[in-house]
Amino acid sequence: MATRTQERRLAFLATALPPIAWVVVFFLAPLAIVWAYSFGQNAGLTEVDINGTFANYTRALEPLYLGIFAKSIFVAGITTLLCLIIGFPVALSIVFASERWRPWMLMLIMLPFWTNLLIRTYALIAVLRTEGYANFTLEWLWNQGSWLMTLVGLQPLGEFTPLQLLYNNFAVVVGLVYVHLPFMVLPLFAALDRLDKSLIEASLDLGAGHLRTLLFIVVPLALPGIISGIIITFVPALGAYLTPDLLGGPDSQMIANVIERQFKRANDWPFGAALSFLLMYATFAAIALRAYFSRGKAADGHGI
Amino acid sequence: MTGHAKSYRTSRRSLLKGLGAAAIGISLTSPKRSAWAAEEPKLNFYNWDTYIGETTLENFTEASGIDVNMSLFATNDELFAKLRAGNPGYDVIVPGSEFVERMIQANLLEPLDHSKIPNIKNIAPEFMTDAPFDPGRKFSLPYTWLVIGIGYRKSKVKETPDSWKVLFDSDAYKGRIAVMSDASELFRNCFKYLGHSLNDASPELLKQAEVMLIKQKPNVKAFHEDNGQDLLLSGEVDLVMEYNGDIAQIMTEDDDITFIVPKEGAMRQQDTLAIPKGAPHPENALKFINFIFEPEVGAEITKTILYPSPNAAAVALMPEAYKNNPVIFPPADVMAKCEYPNYLGADFTRLLDEAMTRLRAA
């Protein structure tokens with residue numbers, strides 16, 4: 001039945017072509033151009049001469065830039081870890097919430113996500129700065145404490161010194177965790193929601209405590225969701241530049257800030273392209289690692 | 001390279017306004033007048049945010065019948081990046097002086113026919129002659145000018161901080177100072193502090209400045225992205241490296257704040273009006289530029305944006321509080337030590353960026 005096969009092939013082409021064209025035009029082609037730039041050098045102010053040089057990569061692998069890469073990976077790693085620690089209980093409580101509350105709780109997670117990143121970052125500045133809401137709250141608590149002390153006949157507390165919450169690495173991590181939390185909570189929620197709750201009941205019935213059930217039943221079953229969450233939190237956190245720019249202190253430079261400067265102030269697109277691609281290779285490595293782990297699982301027969 | 005964003009653009013007041021305007025683009029259309037011209041009566045103006053008088057564009061449409069479509073950019077780098085791949089349709093742009101030089105070198109600007117801009121006579125003569133970035137002003141005309149200095153909170157300093165020393169080379173105000181994060185602005189003002197010209201492109205001098213700043217870094221609270229006036233106004237820091245126009249704007253909100261140009265001299269800049277190569281409406285562009293230099297129009301713009309204006313006829317129409325403001329017009333003896341930055345070439349630009357990367361990573 002050659003005609004039917006042909007028809008099927010046509011139908012396949014008709015449905016597959018638009019997404020393929022989309023990927024080629026809006027993803028692969030621009031990426032290829034940037035990739036080509038990374039093997040070029042500036043020829044004048046506006047021209048890039050693509051001559052196959054590896055000079056940009058050699059420069060990008062100097063200790064200065066490797067150090068900044070390492071720092072960015074560290075900051076993104078801390079961010080991911082904190083997102084996991086905060087996100088897991090949140091996702092769990094949404095899963096076990098009543099049907100009535102669940103959409104609202106998901107909404108609360110999503111709502112900040114729909115607000116412009118710049119606005120959220122400026123809002124954090126208003127909260128964290130020396131004369132910001134966090135310090136106002138602490139000062140109020142301090143003064144109440146002081147008043148209580150005098151009430152029971154003790155010496156009052158000294159003058160309140162505002163905490164330095166902004167323009168340091170702490171502020172960058174707070175900002176990144178705040179921005180990336182939905183990326184962690186949503187895949188965790190999806191994984192935990194699919195989990196067969198009778199397994200938890202069985203574990204509890206058979207005498208395991210809540211903590212043991214959580215660590216040995218829930219976590220292993222939710223592992224694919226956890227790994228997805230880790231990757232889609234880690235990758236954008238690694239490329240963050242607005243947050244370290246606006247919340248960071250003198251030494252809070254991340255690799256994306258260096259890349260941004262190459263495309264703007266330094267006007268060195270080839271070098272910026274090389275740095276971007278190193279970042280992208282790191283991303284590919286993370287995704288490949290994930291594929292490797294999930295394949296291992298499938299081969300073990302515990303596959304999801 | 002210099003990206004002296006007019007930082008009040010991202011202040012709390014203007015953030016929402018800016019985002020809104022950027023999202024929809026400001027499109028002012030009014031019924032077309034009977035203007036006969038070879039060109040369609042349209043003009044695409046590419047400007048900084050909040051950098052034009054409230055009714056200037058409407059008034060121009062009223063007077064000429066030409067509709068102005070204004071879109072906004074935030075940094076000179078953004079403007080340059082947009083134009084380097086070919087003019088997407090802008091007729092009039094507002095590049096900073098250092099970028100004018102780069103754009104002339106890259107052949108991105110159209111020469112201006114001065115005979116079609118009779119209002120050039122209103123510009124103070126020194127701005128026509130003293131423009132090393134565009135000799136003879138063949139490609140650009142001055143829209144505003146600005147100078148970098150130290151904005152500070154009067155009640156928090158022991159004595160007038162009249163030297164770059166307090167920001168670059170002293171722990172007197174540890175943790176209460178912020179400097180600019182732009183490599184060119186930061187390092188080249190250090191050159192002034194070290195007794196050199198800011199156009200001295202010597203790697204040794206740059207190294208000296210880098211070593212000094214790395215030593216100074218523990219005393220610095222933030223490398224700000226052109227929002228120094230916000231840091232000062234919110235009490236986050238007490239001394240900040242910033243442009244005079246930006247500090248002048250917050251001085252209207254807080255009279256404990258003032259500004260000084262350090263005695264060693266500093267970097268000065270101009271924002272200019274220019275026509276990019278490939279502009280679709282070059283005749284309208286010339287009419288628009290001429291209109292901007294009308295005395296009343298210049299005064300209306302200055303009242304809104306509060307920047308120093310090179311339009312002498314417009315300044316004459318301004319109130320005394322503006323004309324005699326030492327922040328907007330710093331004393332002549334200090335200004336004499338200030339310099340326009342030349343474009344120092346791709347190699348030095350790279351050295352500057354590497355020095356900045358090392359400083360931030362140190």
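This text follows the structure it describes.
Residues numbered from 1 in each chain as written. Chains lettered and ligands numbered in written order. Predicted model: local features only at pLDDT ≥ 70, side-chain atom pairs only at ≥ 80, totals over all residues. Heavy atoms only, no water.

Participant: Would you explain the overall build of chain A in this entry?
Facilitator: A count of helical and extended segments in chain A gives 13 helices and two strands. Its C-alpha atoms give chain A a radius of gyration of 25 Å, clearly above 19 Å, the size a compact globule of 304 residues would have. For chain A, the spread of C-alpha atoms along the principal axes amounts to about 90 × 65 × 35 Å. The buried share of chain A, reckoned over its 304 residues, is 39%. Taking the contacts inside chain A whose residues are at least 6 apart along the sequence as the reference set, 66% of them involve residues at least 24 apart. Summed over all atoms, the accessible surface of chain A reaches about 17,300 Å², with 71% contributed by carbon and sulfur. (Helix = DSSP H or I, 4+ residues; strand = E, 2+ residues; numbered from the N terminus. Rg over C-alpha atoms; globule rule 2.2 N^0.38 Å. Buried < 20%, exposed > 50% of the residue type's maximum accessible area, 1.4 Å probe, protein only. Contact = heavy atoms within 4.5 Å. Areas by Shrake-Rupley, 256 points an atom, 1.4 Å probe, with all protein chains shown as cover.)

Participant: Would you take a moment to explain empty space enclosed by the protein for this structure?
Facilitator: One way to see where empty space is left: roll a probe the size of a water molecule over the atoms. Across all of its chains, the model carries six cavities of 30 Å³ or more by this definition. Reported here for the largest cavity is a volume of approximately 80 Å³. When residues of the lining of the largest cavity are traced back to their parent elements, those giving at least two are β6 (140-153) and α12 (295-305) of chain B. A class-by-class count of the residues in the lining of the largest cavity yields six nonpolar, five polar and no charged. Forming the boundary of the second largest cavity are Y167, D245 and L246 of chain A together with A222, F223, H224, E225, N227 and L231 of chain B. Those elements giving two or more residues to the lining of the second largest cavity turn out to be α11 (242-247) of chain A together with β8 (220-224) of chain B. Per-element accounting of the lining of the second largest cavity gives the leading share, three residues, to β8 of chain B. (1 Å grid on protein atoms, 1.4 Å probe; cavity = no way out; pocket = protein on both sides within 12 Å on 5 of 7 lines; lining within 4 Å. Points joined across faces, edges and corners; volume = space filled by probe spheres on them. Nonpolar A, V, L, I, M, F, W, Y, C, P; charged D, E, K, R; others polar.)

Participant: How do you make sense of the interface of chain B and chain A when you look at a structure like this?
Facilitator: For interface size, the figure often reported is the accessible area lost on association. Taken together, the contact pairs 38 residues of chain B with 31 residues of chain A. Between chain B and chain A, a total of about 3,300 Å² is buried, with carbon and sulfur atoms accounting for 53% of that surface. If you look at where chain B meets chain A, you find five salt bridges. E354 of chain B is paired through a salt bridge with R59 of chain A; the nearest N and O atoms lie 2.9 Å apart. Where chain B packs against chain A, one counts twelve residue pairs in polar contact (both at pLDDT 80 or more). Elements that contribute at least two residues to the side of chain B that touches chain A include exactly α1 (12-24), α3 (76-84), α4 (97-105), β8 and α16 (345-361) of chain B. Considering each element in turn, the side of chain B that touches chain A owes the most residues, nine residues, to α16 of chain B. (Buried area = accessible area lost by both parts, 1.4 Å probe. Salt bridge = Lys/Arg side-chain N within 4 Å of Asp/Glu carboxyl O. Polar contact = N/O pair within 3.5 Å; in protein donor to acceptor, adjacent residues only side chain to side chain.)

Participant: How should the pairing of strand β11 (residues 268-276) of chain B be read in this particular structure?
Facilitator: If a strand is regular, its side chains alternate between the two faces of the sheet. All names here are of chain B. When you tally the buried positions in β11, you get nine out of nine residues, the bulk of the element. Both faces of β11 are covered, namely the face carrying R268, Q270, T272, A274 and P276 and the face carrying Q269, D271, L273 and I275. Sheet analysis places strand β5 (residues 109-110) next to β11, joined by two bridges and oriented antiparallel. Looking at the pairing, L109 lines up with P276 of β11. The sheet contact formed by β6 and β11 spans seven bridges and is antiparallel. Among the inter-strand pairings, V147 is bridged to a residue of β11, identified as R268. (Pairing = 2+ DSSP bridges.)

Participant: Can you help me understand the side chain of S64 of chain B in this one?
Facilitator: All names here are of chain B. Note that S64 resides in helix α2 (residues 56-64). A polar contact is formed between the side chain of S64 and the backbone oxygen of F60, at a distance of 2.7 Å. In terms of polar contacts, S64 uses its side chain to reach the backbone amide nitrogen of I66, at 3.2 Å.

Participant: I keep staring at α3 of chain B and nothing clicks. Help me out?
Facilitator: In an α-helix there are 3.6 residues to a turn, and that puts residues three or four apart on one side. Residue and element names in this part refer to chain B. When α3 is considered as a whole, its buried residues turn out to be N76, D77, L79, F80, L83 and R84. One side of α3 holds all its buried residues, which, seen down the axis, span an arc of 160 degrees. Looking at the residues trailing α3, positive phi occurs at G86, about 115 degrees. (Arc of directions from axis to C-beta.)

Participant: Looking at this structure, I do not really get the nonpolar core. What am I missing?
Facilitator: Generally speaking, nonpolar side chains in soluble globular proteins are found buried as a group. Residue and element names in this part refer to chain B. Grouped together as the largest cluster of nonpolar side chains are 131 residues, with contacts concentrated most on F45, L167, F168 and F187. A per-element tally of this core places β6 first, with eight residues. Contact partners of F168, with chain neighbours within four places excluded, come to V179, L186, N189, C190, Y193, M212, L213, Q216 and M241. (Core = buried A, V, L, I, M, F, W, Y, C linked by side-chain atoms within 4.5 Å.)

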